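Residues per chain are reported as follows:
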Amino acid sequence: MKFDMVLTTCPFCGTGCNFYLKVLGEKITDVLPCKTHPVSQGELCVLGRNAYKFIQNKNRLTKPLIKKGDDFIEVSWSEAYKQVADGLLEIKKNYGSDALGVLSSAKCTNEENYLIMKFTRGILGTNNLDHCARL
Amino acid sequence: MAGLAAAFGAGAMTNSIAEIDDTDCVLVIGSNTTGQHPLVASKIIRAKEKGAKLIVIDPRKIPLTEYADLFIQVKPGTNVALINGIIHILIEKGLIDEAFIRERTEGFEELKQKVKEYPAERVTEVTGISKEVLEKAALLYGQADKAMIFYAMGITQHTTGTDNVKSVANLAMVTGNIGRPSTGVNPLRGQNNVQGACDMGALPNVLTGYQPVSDPGARSLFREKWNLSLPDTPGLTLVEMMDSAREGSLKGMLVVGENPMMSDPDTQHVKESLEALDLLVVQDIFLTETAKLAHVVLPASSFAEKEGTFTNTDRRVQRVRKAIDPIGQSKPDWQIISELAREMGFTGFDFDSPEEIMKEISSVTSPYAGITYERLDKGEVLHWPCPDENHPGTPFLHEKEFPRGKGKFFALDYIPPDELPDSEYPYILSTGRIPFHFHGGSMTRKIDVLNQEVPTGYVNIHPEDAKKLGVAKKEWLKVSSRRGEISIQANISTEVKPGIVFIPMHFSECAVNTLTNRKFDAIAKIPGFKVCAVNIKKQDRKIQGSFQ
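Each chain has its residues counted from 1, running along the sequence as written. Written order determines the labels here, with chains lettered from A and ligands numbered from 1. Local features are withheld for residues below a pLDDT of 70 in this predicted model, meaning they are given only at 70 or higher, and side-chain atom pairs are given and counted only at 80 or more; totals for whole chains, interfaces and linings count all residues.

> So what exactly am I meant to see when it comes to the sheet that holds strand E15 (residues 476–480) of chain B here?
Within a beta sheet, neighbouring strands are joined by backbone hydrogen bonds and run either parallel or antiparallel to one another. All names here are of chain B. Paired strands, as defined in this entry, are two strands with at least two bridges between them according to DSSP. Working definition: helices are DSSP H or I runs of at least four residues, strands are E runs of at least two. Numbering for both runs from the N terminus. Pairing is mixed around the closed barrel formed by 6 strands, whose spatial order is E13-E17-E14-E16-E15-E18. Across the sheet, the mean angle separating the axes of adjacent strands is 45 degrees when strand polarity is ignored. As defined by bridge partners, strand E14 (residues 458–461) adjoins strand E17 (residues 500–504) across 2 bridges and the pair is classed as antiparallel. In the sheet register, Asn460 faces E17, and the bridge partner there is Phe502. Interaxial angles span 0 to 180 degrees and are taken between N-to-C directions of axes, which are lines fitted to C-alpha atoms, for helices over the stretch in contact.

Structure, rendered in structure tokens:
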């Protein structure tokens, strides 16, 4: 059985404490503080301590969903991509780029924010791009 | 950040968290630090134990006040008047750094004239703070050799938020508390990667590293790298997008890992806006309140299922590492965006790993030019700017000069909050977070131990007001504003002053943003979450459950 300790950065506030995720098999079973980190210095707050507990929650989204009437139905990735791609391109064609807007995320990584930025400006062609920095 | 960018030319924490250890004075304004940044708070408390002075300015008697040498329980929305008053005293008492002002700043004469209009008598009238307390604050901060200011949404989430930030920048510069270790003006960011999202240009007006979209040179750098052309006029902010969606000019939105139905002001308005869209696509790890309104929902992977980096509040770039495979068919957001771009027929998104993406980021972003996975994985502590691979990073900014050249003082007038209490809505509502939950609650409300601590929302109300309303702890109240109303249980607390109530933002069953005001600061476009007028009535409803 796989056993691993993975050093990573806390997903909650902006302090940026580091901790280890303890992995047993395919399950994350604990969070352990990191002593050498200059800010957290072996401590964690109540949120950080519990940061592994939402990851494998039973309500995680596991499949793409498309709304039919009032309900969602599960679809394949290719079907979902097609619907999104067609929808975005059609709005761009009919109403122009600035009829589109994107909210990026303070939860996503730098690399993801960069790609979302590239996608919004380069492909959609709009600067209507923001995230919750103000909120 | 707009306030700091105007004063210094860069909007980020000027100093790093580790520098708290050696400071002589900490001034905390509008940050409930023990609750929102607990590990920063423990550093502040340790510095205090070693002899540093601590000043706390807040409308609420937050836990950090127990350690403070001076607690200033300011009336919400009156920070500019308060700080003008303190600067007035600093000048009178000769506690300013004249050499620093002469060599490093501009606009001091205008500031000096302006603060003359803020003698203690007037400041007391506006803020409710006595002359003695103002003088003590000026002495504690002004006599320290090295003083650090920390602030958070408590001063930015106002209709005058940009002025509040410029005010604290004035205070730091007038005393020369910037450009040295253990000093500075330090906004504590509330989300793990809000700094990074800004650095990466997830904003309507800038590309990565704050290069303006209106700058032809910046655009051509990206055009050459991407082989795609870029729009040149700044776009809409989040709150403006909601307005445009509602009036019909914005037709489609892609929302990645955000939950505006919980985190934006005036929930009813947000709902109507999102429902008016022809296409709403949401990428998230849970079916959030916002995702429920989407036409298409794409399942994303959490931080534990991917590689990458976050940039924390003190500009330090840190690694995120994959611990387990993506749950179900979920995918990391970088992969979803890459595949979607390819589906739309575009090239330039053929990345095999986040490390490859970081290489592209470094090539177009000078503050990140020296940041590599190799260095981070060796354990190097890298705060940007880090302009090349041999550069050690920059824990504190503005040592020799400011990005804009000289630091700029702003002569500011006190402007009352947009919405003040009146006979119809006689209470001031302030919103925020509590230690046991996070933001819109989509992650933390799925964690049992946290729900056991605080299972639902409540309104903090002063004992005098509770008596007036005839309400006891846990009894139900109807809180209403010009936007909407919620039912919520009372918590009698002296943390707030009479006439002021506080409601945490994490609970969708009593979502406080149903009440808040969309009206935003003219420059930073941050809504005034910290001050809006409400009415409170007792409700006849059975008490069930508890919150504490």
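Having seen the structure, we can now continue with the description.
> Explain the interface of chain A and chain B to me, please; I cannot follow it from the model alone.
Size of an interface: often given as the accessible area lost when the parts come together. Contact between residues is assigned whenever the C-beta positions, reconstructed from backbone atoms, fall within 7 Å. Counting residues at the interface gives 89 residues for chain A, matched by 110 residues for chain B. At the level of secondary structure, the elements contributing two or more residues to the side of chain A that touches chain B comprise strand E1 (3–9), strand E2 (18–24), helix H1 (46–49), strand E4 (65–68), helix H2 (77–95), strand E6 (100–103), helix H3 (110–124) and strand E7 (129–130) of chain A. For the side of chain A that touches chain B, the leading source of residues is H3(A), giving 13 residues. Gly counts as polar in this scheme, as do all residues outside two lists: the nonpolar Ala, Val, Leu, Ile, Met, Phe, Trp, Tyr, Cys and Pro, and the charged Asp, Glu, Lys and Arg. Here the residues of the side of chain A that touches chain B are counted per class, giving 47 nonpolar, 27 polar and 15 charged. Sheet analysis places E4(A) next to strand E9 (residues 296–299) of chain B, joined by 2 bridges and oriented antiparallel. The residue of E9(B) that forms the bridge with Ile66(A) is Val296(B).

> So what exactly am I meant to see when it comes to the packing of H3(A) against helix H17 (residues 354–364) of chain B here?
Helix packing for two helices is described by the angle between their axes and how far apart those axes are. Remark: H3(A) packs on H17(B), axes separated minimally by 9 Å, with the N-to-C direction vectors making an angle of 65 degrees. Helix-helix and strand crossings are classified by hand; for H3(A) and H17(B) the assignment is left-handed. Packed against H3(A), whose contacting residues are Asn110(A), Glu111(A), Tyr114(A) and Leu115(A), the element H17(B) presents Pro354(B), Ile357(B), Met358(B) and Ile361(B) at the interface. Counted by class, the contact of H3(A) with H17(B) contains 6 nonpolar, 1 polar and 1 charged residues. For any helix crossing, the convention is left-handed if the near helix is rotated counterclockwise from the far helix by under a right angle, and right-handed if that rotation is clockwise.

> Mind showing me how you'd approach the domain arrangement of chain B here?
Residues and elements named next belong to chain B. Residue ranges assigned to the domains are those given by an automatic or database domain assignment. With domains assigned, chain B is organised as domain 1 (2–188), domain 2 (194–377) and domain 3 (427–538). Each of domain 1 and domain 3 has a C-alpha centre, and these two points are 27 Å apart. Contacts between domain 1 and domain 3 engage 20 residues on the former and 23 residues on the latter. In terms of residue class, the side of domain 1 that touches domain 3 is built from 4 nonpolar, 14 polar and 2 charged.

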